[in-house]
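One letter stands for each residue in the lines below.
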Amino acid sequence: MELLRKLEIDARLIGMLSALAIIWFGFHILSQGAFLTPRNLWNLSVQTSAIAVMACGMVLVIVTRNIDLSVGSVLGFVGMAIGVFQARWLPELWGLENPLTMPATLVFAMLCGGLIGLFHGALIAYLAIPSFIVTLGGLLVWRGAAWWVTTGQTVAPMDGRFRAIGGGIEGAIGANASWVIAIIAILAIVISMLMRRRRRAEFGFSLRPLWAEALVIGLAAASVIAVTLIVNAYPLPPGIARRIIEAQGQVWPQGGVFIPHGFAVPVLIAVLVGVVMTFVAKRMRFGRYVFSIGGNPEAAALSGIKTKAVTMQVFGLMGLLTGLAACITTARLNAATNSAGTLDELYVIAAAVIGGTSLAGGVGTIVGAMLGALIMQSLQSGMVLLGVDTPLQNIVVGIVLVMAIWLDGLYRKRIR
Amino acid sequence: MAETRTPLIEMRSISIAFGGIKAVEEASVDLYPGEVVGLLGHNGAGKSTLIKILSGAYRADSGEIHVDGQKAEIASPRDAKAHGIETIYQTLALADNVDAAANIFLGREKLTRWGTLDDAAMESETRKVMARLNPHFRRFNEPVSALSGGQRQSVAIARAIHFNARVLIMDEPTAALGPAETAQVGELVKQLKAEGIGIFLISHDLHDVFELADRIAVMKNGKVVGTARIGDVTRDEVLGMIIGGKCPPGAIPGPGASP
């Protein structure tokens, strides 16, 4: 504990990482070595992305003492809207497979989701309808609306470049690009640590010892490198690798060629969202207001904070991220279906809560929620790997959720 | 006190009703620079409500507020603060989950030139203001929920005095404090008064009020019973004002005085 304090690392975070390690090694042993493989971890990271993106927004929603039950349905609706946008509207404007289709779809989806979120937020903040009710209504309304967009027809396939957002072969950036990103990430970590240290030194505040600083940077850099090595150890399937090689005009050798996947685009999107949202929560005025509203809404209002506007914006942000998650999901399925995102609201809320977000409001971290999403997804895909059937999977996930919150409650009481 | 001076604050004929119940009715009080005015009355007499109108938490149904003789529109806490009116609420109104600096600067954060929160600068100023109020305070990086009652009080006071307040409203400032801390608040009140700050002191505790206030205003059932200089009335007379609404000869009767 003394060491952790010196390093200024949150003990909760260590607890979650340990839980994740136990789950991973447990499944690895139970599945006779099938869990901790580059292939499985790569797929796991892709499957976590959409939930992780939405969990970032849910943290802020729950921190302000609200809840959003509608994210799964909104994802379904925006997904269908994306389908129609790409299959019917854009082709008339600039034809199929236009390079602008992908960015246009992203903007459209985030705009759609954001507006829906702002609408929910306005009802909650200005008409004082409880968020539970507004978003429970939203859960029904938007699922129905998702069906209505095409009267239930699935729209497929999606634009080729857009599919990259969902991962898969198109969405694997390859080994070199992965290393570039890893180096940028390490540099960003080092620079942000140094800047923080310099700022504290300017005011003569206590600094953590240099060895601790170096150790934290070293650990962070080592994790980035480890993750990069893992995604680069997962080769493209031989058929696709062969097509790529032959497209380059080379001969496919006897033993095949090892072409690594590298990072998946949706995972990079999720990590970027996590970084940006952490910045918003910790370094920006908006985040400070969100947390103080959660801590004491009356005090926040008496301090002159426009609490209603902030609440509405939090829901707008949640909607915007749901729109982004809709892109990831739709691209991954390569189809817009009206059932996309069913039950996602529960996984997103569970991820946030397992990640240490208190339902009483005022407490929560983005990193925690993303780790929570990873823990939930690890449990699920581990059980799939072991051939556990769906009903039992749900039972286990439900029990783990309840147990995790109980343990968290014990931990909180102990540190009081 | 020279009554020819312009009062710092003048609340004239303030009324407010909640759902048909008149919480404050035709109440008028004033406050001069460097003066402490004690607001007395039972629970529910309307003193907290009256003061929340001045601090911008409530909006009066009728009546006027004048600051430095000029009519002021106070529609929100932000407006009140713009006039230099700061409030220490009875509940302290702290966000428990964030640290002292975040509370002191809540709504008035210091920003870096990139528009991000300048936590280091805010912590630095917090250390300075807390050194004056509570020299033993060290827990700058903990949420205020982890602090003791007295420490929380210091944070609430620091928030009120850090931004060059001209008028300070203290709602039951010593209700949750021990004797030593109460004495400390008393010292602070005297110090602020010497700096020319006008203070509204709301209290149940007659002893505190007689110790610190220059004048008192007593409220009952939402109306002002009367106002008086501390030297012109006895404690028993003030108790009579609070309980019976009887205005003694030394006091100036208000609309709430019983005949």
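For clarity, every value in this text was computed on a predicted model and none was experimentally measured.

Draft legend 1. The arrangement of the nonpolar core in detail. Met58 and Val78 of chain A are the most contacted members of the largest nonpolar core, which totals 80 residues. The greatest single-element share of this core, amounting to 13 residues, is contributed by helix 3 (residues 38–63) of chain A. With residues near it in sequence (within four places) discarded, Met58 of chain A still touches Asp68, Val71, Met318, Val348, Ile349 and Ala352 of chain A. Among the nonpolar cores identified, the runner-up in size contains 49 residues, and Ala101, Val144, Phe210 and Ile230 of chain B belong to it.

Draft legend 2. Representation of the sheet that holds strand 8 (residues 198–202) of chain B. Residue and element names in this part refer to chain B. Here we have 7 strands laid out as an open sheet, ordered 6-7-8-3-9-10-11, and mixed in their pairing. In this open sheet, the two edge strands, each paired with only one partner strand, are strand 6 (85–88) and strand 11 (252–253). Where helix 5 (residues 149–161) meets the sheet, its contacts fall on strand 6 and strand 7 (167–171), and the angle it forms with strand 6 comes to roughly 175°.

Draft legend 3. Geometry of the sheet that holds strand 2 (residues 21–31) of chain B. Residue and element names in this part refer to chain B. Strand order in the open sheet formed by 4 strands is 2-1-4-5, and the pairing between neighbours is antiparallel. Strands with a single pairing partner mark the edges of an open sheet, and in this sheet they are strand 2 and strand 5 (70–72). Across the sheet, the axes of successive neighbouring strands diverge by a mean angle of 30°, strand direction being ignored. As paired strands, strand 4 (residues 62–67) and strand 5 are joined by 3 bridges and run antiparallel to one another. The residue of strand 5 that forms the bridge with His66 is Lys71. On top of the sheet, helix 1 (residues 47–54) reaches strand 1 (9–18), strand 2 and strand 4; it is set at about 115° to strand 1, its chief contact.

Draft legend 4. Summary view of the pairing of strand 1 of chain B. All names here are of chain B. Pairing of strand 1 with strand 2, which is carried by 7 bridges, proceeds in the antiparallel orientation. What sits directly across from Ile16, in strand 2, is Val24. Following strand 1, the chain reverses through 2 residues before pairing antiparallel with strand 2; Gly19 in that reversal takes a positive phi of roughly 55°.

Draft legend 5. Main features of the packing of aromatic side chains. Residues and elements named next belong to chain A. For the coordinates displayed, the defined rule picks out 11 aromatic pairs over all chains. On the numbers, 5.1 Å between centres and 50° between planes, the contact of Phe77 with Trp142 is tilted. With Phe77 in helix 4 (residues 71–94) and Trp142 in helix 6 (residues 131–149), this residue pair connects regions lying 65 residues apart in the sequence. Both residues of the pair, Phe77 and Trp142, count as buried. Relative to Phe205, the ring of Phe203 lies with its centre 5.9 Å away and its plane at 25°, an arrangement referred to as stacked. On the accessibility criterion, Phe203 (28% relative accessible area) is partly exposed.

Draft legend 6. Representation of unusual backbone geometry within the structure. Cis peptide bonds are those with omega within 30 degrees of zero, and the linkage from Ala156 of chain A to Pro157 of chain A qualifies with -10°. Of note in the backbone geometry, Leu343 of chain A takes a positive phi value of approximately 70° without being a glycine. Counting through the fold element by element, Leu343 of chain A comes out in the loop between helix 14 (307–333) and helix 15 (344–354). A relative accessible area of 44% means that Leu343 of chain A is categorised as partly exposed. Look at Ser13 of chain B: it is not a glycine, yet its phi comes out positive at around 45°. Relative to the helices and strands, Ser13 of chain B resides in strand 1.

Draft legend 7. Up close: the domain arrangement of chain B. Residues and elements named next belong to chain B. Considered domain by domain, chain B is made up of domain 1 (9–84 + 165–253) and domain 2 (99–158). Placing the centre of domain 1 and that of domain 2 at their C-alpha centroids yields a distance of 28 Å. Each side of the interface is counted separately: domain 1 has 11 residues, and domain 2 has 9 residues. Of the roughly 740 Å² buried where domain 1 meets domain 2, counting both sides, 48% is carbon and sulfur surface. Put simply, domain 1 and domain 2 have 1 salt bridge between them. Glu195 is paired through a salt bridge with Arg132; the nearest N and O atoms lie 3.3 Å apart. Along the contact surface separating domain 1 from domain 2 lie 3 residue pairs in polar contact (both at pLDDT 80 or more). Counting only elements with at least two residues in the side of domain 1 that touches domain 2, the list comes to helix 2 (77–82) and helix 6 (179–194). With 6 residues, the single largest contributor to the side of domain 1 that touches domain 2 is helix 6. Here the side of domain 1 that touches domain 2 is built from residues that sort into 5 nonpolar, 2 polar and 4 charged.

Basis of the calculations
Residues numbered from 1 in each chain as written. Chains lettered and ligands numbered in written order. Predicted model: local features only at pLDDT ≥ 70, side-chain atom pairs only at ≥ 80, totals over all residues. Heavy atoms only, no water. Core = buried A, V, L, I, M, F, W, Y, C linked by side-chain atoms within 4.5 Å. Buried < 20%, exposed > 50% of the residue type's maximum accessible area, 1.4 Å probe, protein only. Helix = DSSP H or I, 4+ residues; strand = E, 2+ residues; numbered from the N terminus. Contact = heavy atoms within 4.5 Å. Pairing = 2+ DSSP bridges. Axes fitted to C-alpha atoms, helices over the stretch in contact; angles between N-to-C directions. Phe/Tyr/Trp six-rings, centres within 6.5 Å; stacked < 30°, edge-to-face > 60°. Domains from an automatic or database assignment. Buried area = accessible area lost by both parts, 1.4 Å probe. Salt bridge = Lys/Arg side-chain N within 4 Å of Asp/Glu carboxyl O. Polar contact = N/O pair within 3.5 Å; in protein donor to acceptor, adjacent residues only side chain to side chain. Nonpolar A, V, L, I, M, F, W, Y, C, P; charged D, E, K, R; others polar.

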